[in-house]
Each structure stands twice: as C-alpha cells, then as structure tokens.
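Understanding the architecture of this molecule
The residues making up each chain are set out below.
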Amino acid sequence: MNEIKIVIAGPRGRMGKEALHLIHTTPHFSLVGAVDRINGGKLISDIEGLPALDAPIYEDLETCLQQVKPDVLLDLTTPEIGRKHTKLALEYGVRPVVGTTGFSAQDLTELQDLAEQKELGAIIAPNFAIGAVLMMKFSQMAAKYFQDVEIIELHHNQKLDAPSGTGIKTAEMIAEVREKKQQGHPDEKEHITGARGADFEGIRLHSVRLPGLIAHQEVLFGGDGQTLTIRHDSYNRESFMSGVQLAIETVMKIDLLVYGLENIME
Ligand code: NAP
C-alpha cells in the first residue's frame, strides 16, 4: 500500500494520543506534522508521553498546511476547531478524516458542497468503533418492527456535546425506516424539565455523563409484551482505532464527503 502522509490536530488529547500510536505502528502511515496550540516549534517526540515521532508541531493548521504537504488531516479536537480545520484542509487540497463530534446538519451540508467542489474525499465519523456502527445498523433493522424506541447514550463527564454524535446518528437512521410516532402517553407532563429526554421525531434521547464511563449506548425497543435492547460499549479509546485506520485508507480512494463509518464498511 502507498504511504499516506498525515497531519494530526489534537495530538495531546485522549483520542489524539491513541491515534499517534496507530500512526506510529502502521507501516504505510507517516506523520508529517501536528497542530497543537501550546507546543508550536517542538517535535512530537519532545512531548512527554507521546511516541518517538519527529514530526514538527505547528500552533495553527494554516501555517502547518503551508509548510508540509499531507494527504490527510486527522482532526480530533472540538466542534468549533474541527469545523474550521475541515474547511481549511479542503481549501488546501487535503483530505479530512474527522472524529470530532458536534457538527450541525448545516455544517455537514456546507462541507459536503466544498468537498464536491474540490473533488476531494472527506470522512466525518461520529463513531469510529466498528461495534458501534453495527449497533446503529441493527437498531435500524429492529426499528422496522418496533416503532417505540428510546436511546440512552452514556459518556465520560468531559464530553462537550449532548446528545452524542452517535446518539443523533442512531436516531436519524431509525427515523429513516420507522413510521413516525409520538411516544409515551399523549397527556404526559414533565414535572422536571428534561425528564423525558430530547425529542427527535418522537424518538426520546437521553444523555448520561459520568466519570468512569468512556462511550456507551443502549437502544431500547418496546412492543407487545416484549422489549429488545441493543447495547454497545467502548471500554477504551483503542476501540476506535480500527475505524480510524479504515477511514484514512478509504478517504484516499473517494472524491466526496462521507458522513458515518457505516457508509464505508462493506
Ligand atoms: P480531548 O482529550 O479533550 O482532546 C481534545 C484535543 O483538542 C486536545 O488536544 C486539545 O488541546 C485540542 N484542542 C482544543 N481546543 C483547541 C484549539 N482551539 N486549537 C487546537 N487544538 C485544540 O478530547 P478527546 O476525548 O480526545 O475527543 C476529541 C474529539 O473526538 C471530541 O470531539 C470527541 O467527542 C470526539 N470523539 C470521537 C470519537 C469517534 O469515534 N469519532 C470517539 C471519541 C471521541 P488543549 O489541551 O490545548 O485544549
């Protein structure tokens, strides 16, 4: 396989550290730069706890893209920065692979248009865990038979966005096949605001944030005298890395923006 030159944004983050390990141990991946707002001018190997990669660090992506010519930008930052980085990468002819969550439908449409205009591949995946993608697909299958469904997503308490990108994506996939229905009793009242969770086309979405958790989701279906629970758990960030690798390899072969890992899995 041809060498793929990568720039990473967010290398000191929890996902970033794991992705650096992936790049370091994948023979056809090479790290040519990193974006980190507090370590500009250093090398990745200068930072304690990061692998011995002598890729230069830049304070901002634009300077980085002017100095090095990567094939792929891997963004693992925050929603505002990730959105800015994805746009900038496409403008510089670099293919973005984005794990950062919290993009709006409007952001996605704008980025889709830009990727199409530039004829460049881009992948935005709110969940890189293969098992989580299967959980979403199985939920979509079940939703054909069960109209009543509630989603409970559970994450660590440092997560900035709620509901999670995976929770929203699951609700969207279910809504594609489920006959619209407002769930619960028509006269139900919330005595404390938020008790029934967020409402996505009548599907209830609940977000739990607790220390000790990583990324988990339960999709509960209810029917006549039966319930069905589909659950996925990521116990560490290594669980996302086979999906990151697949996305980096696939983005080199496509010329449009793909949202969701399920769209690149066979
Ligand atoms: P994290 O540990 O908080 O790391 C975020 C990184 O972004 C840090 O290195 C941080 O650097 C950097 N950053 C923040 N603001 C920045 C700025 N203005 N300019 C440059 N860098 C900036 O978070 P994480 O757990 O690694 O998650 C990162 C993202 O991936 C989040 O959006 C999360 O929801 C998402 N995520 C996706 C998946 C998936 O499968 N797609 C899985 C887990 C997480 P500082 O230390 O300087 O702030």
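Before reading further, recall that the structure is shown in the block above.
Residues numbered from 1 in each chain as written. Predicted model: local features only at pLDDT ≥ 70, side-chain atom pairs only at ≥ 80, totals over all residues. Heavy atoms only, no water.

Quick look at a nonpolar patch on the surface
For clarity, the threshold we go by: To count toward a patch, a residue needs a relative accessible area above 30% and no salt bridge. Like charges then connect within 9 Å, nonpolar side chains (Val, Leu, Ile, Met, Phe, Trp, Tyr) within 5 Å. Using a 1.4 Å probe, accessible areas were evaluated by the Shrake-Rupley method; residue-level cover was limited to the displayed protein chains. When a carboxyl oxygen of Asp or Glu lies within 4 Å of a side-chain nitrogen of Lys or Arg, that pair is called a salt bridge. Put simply, DSSP H or I for four residues or longer makes a helix, DSSP E for two residues or longer makes a strand, and each gets a number counted from the N terminus.
Where nonpolar side chains cluster on the molecular surface, the patch consists of Leu-134, Phe-138 and Met-141 and spans about 290 Å² of accessible area. Secondary-structure assignment places Met-141 in helix α5 (residues 130-143).

Focus: the pattern of salt bridges
Any two side chains of opposite charge can pair, so long as their charged atoms come close to each other. The condition is simple: Only protein chains enter the accessibility calculation, which uses a 1.4 Å probe. A residue is then buried if its area is under 20% of the maximum for its type, exposed if over 50%, and partly exposed in between.
Following the criterion strictly, the structure yields 13 salt bridges and no others. In this structure, Arg-83 engages Asp-107 in a salt bridge whose closest nitrogen and oxygen atoms are separated by 2.8 Å. Separated by 24 residues along the polypeptide, Arg-83 in helix α3 (residues 79-91) and Asp-107 in helix α4 (residues 105-118) bring together distant segments of the chain. Residue Asp-107 is classed as buried on the basis of its relative accessible area, which comes to 11%.

A look at the site of the ligand
As a reminder of what qualifies: Proximity criterion: a residue is near a molecule or strand once any of its heavy atoms comes within 4 Å of it. Between N or O atoms, a polar contact is any pair within 3.5 Å; within protein, one atom must be a potential hydrogen donor and the other a potential acceptor, and residues adjacent in sequence are included only when both atoms are from side chains. Basically, the charged four are Asp, Glu, Lys and Arg, the nonpolar ten are Ala, Val, Leu, Ile, Met, Phe, Trp, Tyr, Cys and Pro, and anything else, Gly included, counts as polar.
Around the ligand, 20 residues are found, and the nearest of them are Met-15, Arg-37, Thr-101, Ala-125 and Phe-128. The backbone of Phe-128 places a nitrogen or oxygen atom 2.7 Å from an oxygen atom of the ligand. Protein chains shield 79% of the accessible area of the ligand, which is 920 Å² for the free molecule. Split into classes, the residues belonging to the shell around the ligand amount to seven nonpolar, eight polar and five charged.

Thoughts on the packing of aromatic side chains
Heads up, the condition is: Each pair of aromatic rings taken from Phe, Tyr and Trp, with Trp reduced to its six-membered ring, is defined by centres within 6.5 Å and is described as stacked if the planes are under 30 degrees apart, edge-to-face if over 60, and tilted in the remaining cases.
A full pass over the atoms with the stated rule returns one aromatic pair. Note on Phe-146 and Phe-221: the rings are 6.0 Å apart at their centroids and 45° apart in plane angle, and the pair reads as tilted. Note that Phe-146 is positioned in the loop between α5 and β7 (148-155) and Phe-221 in strand β10 (residues 215-223), a separation of 75 residues in sequence. Residues Phe-146 and Phe-221 agree in their burial class; the two are buried.

Quick look at the sheet that holds strand β2 (residues 29-35)
Applicable threshold: Should DSSP find at least two bridges between two strands, the strands are regarded as paired. For this analysis, residues touch if any pair of their heavy atoms sits within 4.5 Å. All axes are obtained by fitting lines to C-alpha atoms, using only the stretch in contact for helices, and the reported angles, taken between N-to-C directions, cover 0 to 180 degrees.
Read from one edge of the open sheet, seven strands run β3-β2-β1-β4-β5-β6-β12, paired in parallel fashion. The sheet is open, and its two edges are formed by β3 (57-58) and β12 (257-259), each paired on a single side. Bridging between strand β5 (residues 95-98) and strand β6 (residues 122-124) involves two bridges; their strand directions are parallel. In the sheet register, Val-98 faces β6, and the bridge partner there is Ile-124. Of the strands in this sheet, β6 and β12 are in contact with α4, which crosses β12 at around 150°. Contacts from helix α7 (residues 241-251) reach β1 (4-9), β2, β4 (72-75), β5 and β6, with the element oriented near 160° to β5.

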